[in-house]
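Read off the chains here:
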Amino acid sequence: MMTFQTLDDLDDGQRVLVRLDLNSPVEDGTVQDNRRFDRHAETVKELADRGFEVAVLAHQGRPGRDDFVSLDQHADILADHIDRDVDFVDETYGPQAIHDIADLDSGDVLVLENTRMCDDELPEEDPEVKAQTEFVKTLAGEFDAYINDAYSAAHRSHASLVGFPLVMDAYAGRVMETEYEANTAIAEKEFDGQVTMVVGGTKATDVIDVMTHLDEKVDDFLLGGIAGELFLRAAGHPVGYDIDDANLYDEQWEANSEKIESMLEDHRDQITLAVDLAYEDENDDRAEQAVDDIDEKSVSYLDVGSETLMEYSPIIRESEAVFVKGALGMFEDERFSVGTAGVLEAIADTDCFSVVGGGDTSRAIEMYGMEEDEFGHVSIAGGAYIRALTGAQLVGVEVLQR
Ligand SMILES: Nc1ncnc2c1ncn2[C@@H]1O[C@H](COP(=O)(O)OP(=O)(O)OP(=O)(O)O)[C@@H](O)[C@H]1O
Ligand SMILES: O=C(O)[C@H](O)COP(=O)(O)O
């Protein structure tokens, strides 16, 4: 049930601050176009066409990771999607940003710098605290209304997501509306048959947390990606730690090892782990190694192996519902797409109810020649969508509903 105000409730021609989720994969410093731009373009285009003066807030990556970059490229990609010029300012709420906001005319679109470059944005604090930050107070004074379209980030209690609705008129954008409706409906759905969840990606902390809440709803968890390797580590294999400076494993192991160990202890029969892993050999080719043959981790594992896919595919074919959160490997490189593309193809070939979530993961659909309509719902949300499946309220939605 929709309980927030939408763009239908907003009078045309005002100056609005719009929070999008343009968080995207970044390869060698280059931001990759993806479904998030396409979906958010609908909201931005509608606002520009209706004569609003539009400033965009968004984040990219996490401090300390390679994907933590400026939003200048995002502005150009957004411009292509909405067929209009989009300006960019390399400040979020500094004097230059305020100057450029004041200069906006009807139909103009301005992207402000990565919100996570501001101290006030992170870490997670109560909305009431975020509402009192300099970031929120400064920008709130410049706009007539705030629009949150970033459903996929609505599980984060960050200033740009939860602060503004407490101090100004707030509305849901078109993506917020549609994702909220679809994901709430899925959370309320009952299934008679087997429910399977494919769990991978790089955000192990998010997915492990949600697995512990879904253990009654999901019959089989098929593991890959970083979470999969951490589970293998907990099962006694010498993998699941960092061997380079990418910082994907050790921190997340620290934060989750107890949860993983108790998941394995209490729900071993619901969890299927990879039996082989793939890596790049000295000739830059894909090579595979049985998990039981690994004595020491000396390479980065970038995909599950073909034997693993052969174990996962029949489980998917027998399922009544399959949920995907996170890729089983670094599918952006075709050599390491076997697990992710294979699992998605198995889902597309089966007439089960399916949801593919994750801003990065859903990109694999078109990259490997599948169509969106072969799946029940393709969500651009990752963490927010799996939390919604547990029936949890999303703080960013909750403040819009207040
Ligand atoms: N073994 C691996 N090593 C490195 N990267 C991996 C590995 N397995 C999966 N990935 C990466 O995981 C990413 C997808 O998962 P991630 O957790 O980042 O996001 P998501 O679930 O798609 O979405 P969201 O960011 O919306 O939560 C892909 O870009 C893929 O390259
Ligand atoms: O990609 C996402 O899921 C959202 O943009 C949130 O990003 P985060 O997991 O880095 O907070």
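Analysis parameters
Residues numbered from 1 in each chain as written. Chains lettered and ligands numbered in written order. Predicted model: local features only at pLDDT ≥ 70, side-chain atom pairs only at ≥ 80, totals over all residues. Heavy atoms only, no water. Domains from an automatic or database assignment. Contact = heavy atoms within 4.5 Å. Buried area = accessible area lost by both parts, 1.4 Å probe. Salt bridge = Lys/Arg side-chain N within 4 Å of Asp/Glu carboxyl O. Polar contact = N/O pair within 3.5 Å; in protein donor to acceptor, adjacent residues only side chain to side chain. Near = heavy atom within 4 Å. Nonpolar A, V, L, I, M, F, W, Y, C, P; charged D, E, K, R; others polar. Pairing = 2+ DSSP bridges. Helix = DSSP H or I, 4+ residues; strand = E, 2+ residues; numbered from the N terminus. Axes fitted to C-alpha atoms, helices over the stretch in contact; angles between N-to-C directions. pLDDT = per-residue confidence, 0-100. UniProt positions renumbered as here; feature names shortened; annotations may be inferred. Areas by Shrake-Rupley, 256 points an atom, 1.4 Å probe, with all protein chains shown as cover.

**Section: the domain arrangement of the protein chain**
Here is step 1 of the chain: When cut into domains, the protein chain gives domain 1 (7–180 + 395–401) and domain 2 (189–370).
Here is step 2 of the chain: Spacing between the C-alpha centres of domain 1 and domain 2 amounts to 32 Å.
Here is step 3 of the chain: Between domain 1 and domain 2, the residue contacts involve 13 residues of the former and 11 residues of the latter.
Here is step 4 of the chain: Summing both partners gives a buried area of about 920 Å² for domain 1 against domain 2, and 35% of it is carried by carbon and sulfur.
Here is step 5 of the chain: On the domain 1 side of the contact with domain 2, P25, R35 and R65 bury the most area, a combined 50% of that side's loss.
Here is step 6 of the chain: Counting across the domain 1 and domain 2 interface gives 3 salt bridges.
Here is step 7 of the chain: Two residues, E27 and R363, come together in a salt bridge whose shortest N-O distance is 3.6 Å.
Here is step 8 of the chain: Counting every contact that joins domain 1 to domain 2 gives 3 residue pairs in polar contact (both at pLDDT 80 or more).

**A few points about the site of ligand 2**
Here is step 1 of the chain: Contacts to ligand 2 come from D21, N23, R36, H59, R62, R116, S152, R156 and K203.
Here is step 2 of the chain: In this structure, R36 approaches ligand 2 through a side-chain N or O atom, which is 3.0 Å from an oxygen atom.
Here is step 3 of the chain: In this structure, an oxygen atom belonging to ligand 2 sits 3.0 Å away from a side-chain N or O atom of K203.
Here is step 4 of the chain: Class assignment of the residues belonging to the shell around ligand 2 gives a composition of no nonpolar, 3 polar and 6 charged.

**Side note on the sheet that holds strand β14 (residues 303–304)**
Here is step 1 of the chain: Pairing within the open sheet is antiparallel, and its 3 strands lie in the order β13-β12-β14. Edge positions in the sheet fall to β13 (286–290) and β14, since each of these pairs with one other strand and no more.
Here is step 2 of the chain: Across the sheet, helix α11 (residues 306–317) lies against β12 (276–280), β13 and β14, angled at about 140° from β12, the strand it touches most.

**Looking at the confidence of the model for the protein chain**
Here is step 1 of the chain: Of all residues in the protein chain, 100% attain a pLDDT of 70 or more, and the chain-wide mean is 95.
Here is step 2 of the chain: Overall fold confidence for the complex sits at a pTM of 0.86, while the interface term, ipTM, reaches 0.93.

**With respect to the sheet that holds strand β16 (residues 353–357)**
The strands making up a sheet associate through backbone hydrogen bonding, with each pair oriented either parallel or antiparallel.
Here is step 1 of the chain: Pairing is parallel in the open sheet, where 6 strands are placed in the order β11-β10-β9-β15-β16-β17. The outermost strands of the open sheet, each flanked by one partner alone, are β11 (271–272) and β17 (377–378).
Here is step 2 of the chain: In the sheet, strand β9 (residues 195–199) pairs with strand β15 (residues 321–325) via 5 bridges, with the strands oriented parallel. Paired with V199 across the two strands is K325, which belongs to β15.
Here is step 3 of the chain: Contacting β9, β15 and β16, helix α12 (residues 338–349) runs over the sheet at an angle of about 150° to β15.

**Points about the UniProt feature "binding site: ATP" (unreviewed entry) in the protein chain**
Here is step 1 of the chain: Under the UniProt annotation, "binding site: ATP" (unreviewed entry) lies at E332, G358, G359, D360 and T361. Considering the C-alpha atoms alone, the annotated residues occupy 30 residues of sequence yet fold into one spot, their largest mutual distance being 14.0 Å.
Here is step 2 of the chain: Residues in contact with D360, not counting those within four places in the same chain, are S24, P25 and F331.
Here is step 3 of the chain: In this fold, T361 is placed in the loop between β16 and α13 (363–367).
Here is step 4 of the chain: In this structure T361 touches V324, G326, A327, F331 and V356, once residues within four positions along its chain are discounted.

**Looking at the site of ligand 1**
Here is step 1 of the chain: Around ligand 1, the structure places 21 residues, and the nearest of them are R36, K203, K325, E332 and T361.
Here is step 2 of the chain: At 2.6 Å, a side-chain N or O of K325 approaches an oxygen atom of ligand 1.
Here is step 3 of the chain: D360 has a polar backbone atom sitting 3.0 Å from an oxygen atom of ligand 1.
Here is step 4 of the chain: In isolation ligand 1 exposes 640 Å². Once the protein is present, 92% of that is buried.
Here is step 5 of the chain: The residue inventory of the shell around ligand 1, partitioned by class, reads 6 nonpolar, 10 polar and 5 charged.

**Re the UniProt feature "binding site: substrate" (unreviewed entry) in the protein chain**
Here is step 1 of the chain: The UniProt record annotates "binding site: substrate" (unreviewed entry) at D21, L22, N23, R36, H59, Q60, G61, R62, R116 and R156.
Here is step 2 of the chain: Mapped onto the fold, L22 is located in the loop between β1 (15–19) and β2 (26–27).
Here is step 3 of the chain: Excluding residues within four positions of it along the chain, L22 makes contact with F37, H40, A58, H59, Q60 and H74.
Here is step 4 of the chain: Looking at the element boundaries, R116 is found in the loop between β6 (109–112) and α4 (127–131).

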